[in-house]
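The primary structure of each chain is shown beneath.
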Amino acid sequence: MYQISKKDFLSGIQKLNNDYPIIIPTQSKEKYYLKYFPTESWEKSHWLYPSIRTPQPLKSFYYPPQKRVATYPGSNNTVDQPVPRVIIGAKACDVNALDIIDRVYRNGEFSDPDYVINRDQNIIISSDCLDAGEFCACTLLNNKPYLEQGFDLNISKIENDFLLEVGSDKGELLNQKYFHAEKKAPNNLVEICNKQRQSLIEKLSKINREFKYYRTHQQAIERHLHSDEWQDLSKTCVECGTCTQICPTCHCFLMFDQPKDDVYERLKVWDSCFFAGYSRMAGGLTPRLSLADRFKNRFYHKFDSYVTNFGIEACTGCGRCSEGCMGNIDLRKVLLELEKRVVLKEIIDLV
Amino acid sequence: MDNLYQPIETQVLDIITETPTIKTLVLKPPHPIPFRSGQFMQLTLFGIGEAPFTPSSSPHELDTMEITILKAGHLTEVVHDLKPGDRVGLRGPFGKGYPMKKFEGKEILVVGGGVGLAPLRALLYALFHDLNKYPKISIKYGARNPSELSFRQQYEEWQKLKNVDFECTVDRGHAQWEGKVGLVTELLENTGIDLTNAYAVSCGPEIMLKFVTLKLLSVGFKPEQIYLSMNRKMSCGMGLCGRCNIGPYYLCKDGPDMNYAKIQVYPDVFG
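Residues numbered from 1 in each chain as written. Chains lettered and ligands numbered in written order. Predicted model: local features only at pLDDT ≥ 70, side-chain atom pairs only at ≥ 80, totals over all residues. Heavy atoms only, no water.

A. Summary view of helix 3 (residues 117-129) of chain B. Residue and element names in this part refer to chain B. A rise of 1.5 Å per residue sets the reference length of helix 3, with its 13 residues, at 18 Å; its end C-alpha atoms lie 18 Å apart and thus fit the reference within 8%. In terms of burial, helix 3 is largely enclosed, as eleven of its 13 residues are buried. By the burial criterion, the buried members of helix 3 are Leu117, Ala118, Pro119, Leu120, Arg121, Ala122, Leu123, Leu124, Ala126, Leu127 and Phe128. (Helix = DSSP H or I, 4+ residues; strand = E, 2+ residues; numbered from the N terminus. Expected span 1.5 Å × (residues − 1). Buried < 20%, exposed > 50% of the residue type's maximum accessible area, 1.4 Å probe, protein only.)

And the structure:
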């Protein structure tokens, strides 16, 4: 862990920006945005240290909402190759989400070429959260408001200084080339940092104090595979798909083809399991015809089948789905209700 | 890294009209595409899109690949308008394919419905290729009416093979039809199959799979002995796009032929 002044850190970023396009949070009214700046235009004055995650998930810089993945007939060299980018200020809930998506897009028998390239070449300079929003629930979902791995460099803000942690070989090279941080952070600063982290964890558990789970979400959902409770839980859902679009781990897509000049192009676009057409087949058969079934499938996928297949829940507790929901559906409450109703069922079964 | 979303341009060599609603495309890929029976291909119609189809030709003959397709929607209507010499695209093969090793030494009951006989024909060719490995192969096939029976000219040839029997039925016959009338499940009453040493494999519309499964269970098959070719919408074919799941299984990579014991507990198995 190194100590680095704000001034040195910012000139490091400026230098980085000469070599790479950077993605850095900047303020837009009262909300933060992860905004993509072209190489020439980033200035130190744009800098701010985001205290919580941005409304936009990081995933769009790894698999954009729409991407041309093939052109045909003809060679496959016409597909746009992604360029390496530096992502600055990403939060733990977003970076941990990439680790979750890796299991599908990167580590399986087949992988998504674009995603793998982005994962390999993008540089992550993450930052500790300093605050928690109303819907933030990372600690509830076994995550923390700061990162212990998965980053190249991580910064923790302590008053006017930063602690810089190196998380990978790539990060080590970056530090040597751009930031030149050599001064080992003194113990008192490291201690302040640890205290800051601890008190944020406490704040998070206060925010989430009404949500206590006594069994795994998988166990709760297994008991509801055939139940009607989903109808009740999803009754205010308007099928807008917002939760899936802003979820940092949702990764469903659909490919469609269209004419492009004198050839054809294949586009890969984000899809949502909430849409009726998501799994509708020729002839009209839809395996999940009712909204309640689709709602169930989303929770089943995130908290049950993902655990079965990959040993991890597909949720980092970022709270975006709850924050963005027009029907005021709070993921934490749904999980709590599922568990409560299991208990109720068990009591009824006993009687 | 290979771009697995890129279709391989392929020529349509010939088109065989099987029934008024079913056609077989005979394709000549630029290079042989090895596949296991039960694995599927993503077929691209230029500018229209892709859909998954299991080849109906033998996995042992790779010069050409045949895909047999029912006219059922927008894309398949375009398939039916194709002419020899037209070009299409292929990606694949994807999926697990049938567990051929497991089938060795077993009696195999093959139950097809409508165009569902097409993927099963690739399996039959694979079984026929090593005929002495299977003590019995019993084929039961049902179609809506006599004109909808696919591959009609092959039934006789199949029946002549050692230890192979074939039986078909139609939901509705006509004056000249001398064969059986009734649902395919009626052919499953007395199969003479040795239940202690058998597997049943079925492919067809989802509603037929449901009743075939119920019938097989009622005549004594165990869920572990039943393989079903399940239908779900697919886009990527590689386990990435997320939509073809039954429970935790993704049909594109874990199927599309699923052991019924694995999927029976999930509420949306039969839609």
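B. Examining the packing of aromatic side chains more closely. Taken as a whole, this structure holds 32 aromatic pairs over all chains when the rule is applied. An aromatic cluster is present here, built from Tyr62(A), Tyr63(A), Tyr105(A), Tyr115(A), Phe253(A), Trp270(A) and Tyr5(B) joined pairwise through their rings. Stacked on the ring of Phe253(A), the Lys or Arg Lys268(A) has its end atom at 4.7 Å from the ring centre. A cation sits over an aromatic face here: Arg121(B) above Phe151(B), 3.9 Å from the ring centre. (Phe/Tyr/Trp six-rings, centres within 6.5 Å; stacked < 30°, edge-to-face > 60°. Lys NZ or Arg CZ within 6 Å of the ring centre and 35° of its normal.)

C. Representation of the sheet that holds strand 6 (residues 87-94) of chain B within the structure. All names here are of chain B. Taken together, the six strands give an open sheet; going across it, the order is 4-3-6-1-2-5, and neighbouring strands pair in antiparallel fashion. Strands with a single pairing partner mark the edges of an open sheet, and in this sheet they are strand 4 (49-53) and strand 5 (65-70). This sheet shows a mean twist of 40° between the axes of neighbouring strands, independent of strand direction. (Pairing = 2+ DSSP bridges. Axes fitted to C-alpha atoms, helices over the stretch in contact; angles between N-to-C directions.)

D. Representation of the nonpolar core within the structure. By size, the foremost hydrophobic cluster in this structure holds 91 residues, and its most contacted members are Leu58(A), Tyr62(A), Phe299(A) and Met230(B). With residues near it in sequence (within four places) discarded, Tyr62(A) still touches Ile87(A), Leu98(A), Tyr115(A), Asn118(A), Arg119(A), Asn122(A) and Ile124(A). (Core = buried A, V, L, I, M, F, W, Y, C linked by side-chain atoms within 4.5 Å. Contact = heavy atoms within 4.5 Å.)

E. Main features of the domain arrangement of chain B. Residues and elements named next belong to chain B. Taken as a whole, chain B is organised into domain 1 (8-94) and domain 2 (100-229). If you average the C-alpha positions of domain 1 and of domain 2, the two centres end up 23 Å apart. In this structure, the connection of domain 1 to domain 2 is made through one salt bridge. Between Glu66 and Arg121 there is a salt bridge, with its nearest N and O atoms 2.8 Å apart. Our count for the contact surface shared by domain 1 and domain 2 stands at five residue pairs in polar contact (both at pLDDT 80 or more). Per element, the largest residue contribution to the side of domain 1 that touches domain 2 is four residues, and it comes from strand 5. (Domains from an automatic or database assignment. Salt bridge = Lys/Arg side-chain N within 4 Å of Asp/Glu carboxyl O. Polar contact = N/O pair within 3.5 Å; in protein donor to acceptor, adjacent residues only side chain to side chain.)

F. Representation of the interface of chain A and chain B. Chain A puts 46 residues into the contact, and the matching count from chain B is 41 residues. Summed over both sides, the interface of chain A with chain B buries roughly 3500 Å², with 59% coming from carbon and sulfur. When the buried area of chain A at its contact with chain B is split by residue, Phe110(A), Phe253(A) and Arg266(A) rank highest and sum to 16% of it. Counting every contact that joins chain A to chain B gives three salt bridges. (Buried area = accessible area lost by both parts, 1.4 Å probe.)

G. Focus on the domain arrangement of chain A. Residue and element names in this part refer to chain A. As assigned here, chain A comprises domain 1 (2-64 + 81-207) and domain 2 (217-253 + 274-350). Contact with domain 1, which involves 27 residues of that partner, is made by 26 residues of domain 2. Among the residues domain 1 hides against domain 2, the three largest losses belong to Ile100, Phe135 and Leu141. Together they make up 30% of the total. On inspection of domain 1 and its partner domain 2, the count reaches two salt bridges. Salt-bridge contacts for Glu323 lead to Arg53; the nearest nitrogen and oxygen are separated by 3.0 Å. Linking domain 1 to domain 2 there are 18 residue pairs in polar contact (both at pLDDT 80 or more). A per-element tally of the side of domain 1 that touches domain 2 places helix 2 (residues 92-105) first, with ten residues. Split by residue class, the side of domain 1 that touches domain 2 holds 16 nonpolar, four polar and seven charged. (Nonpolar A, V, L, I, M, F, W, Y, C, P; charged D, E, K, R; others polar.)

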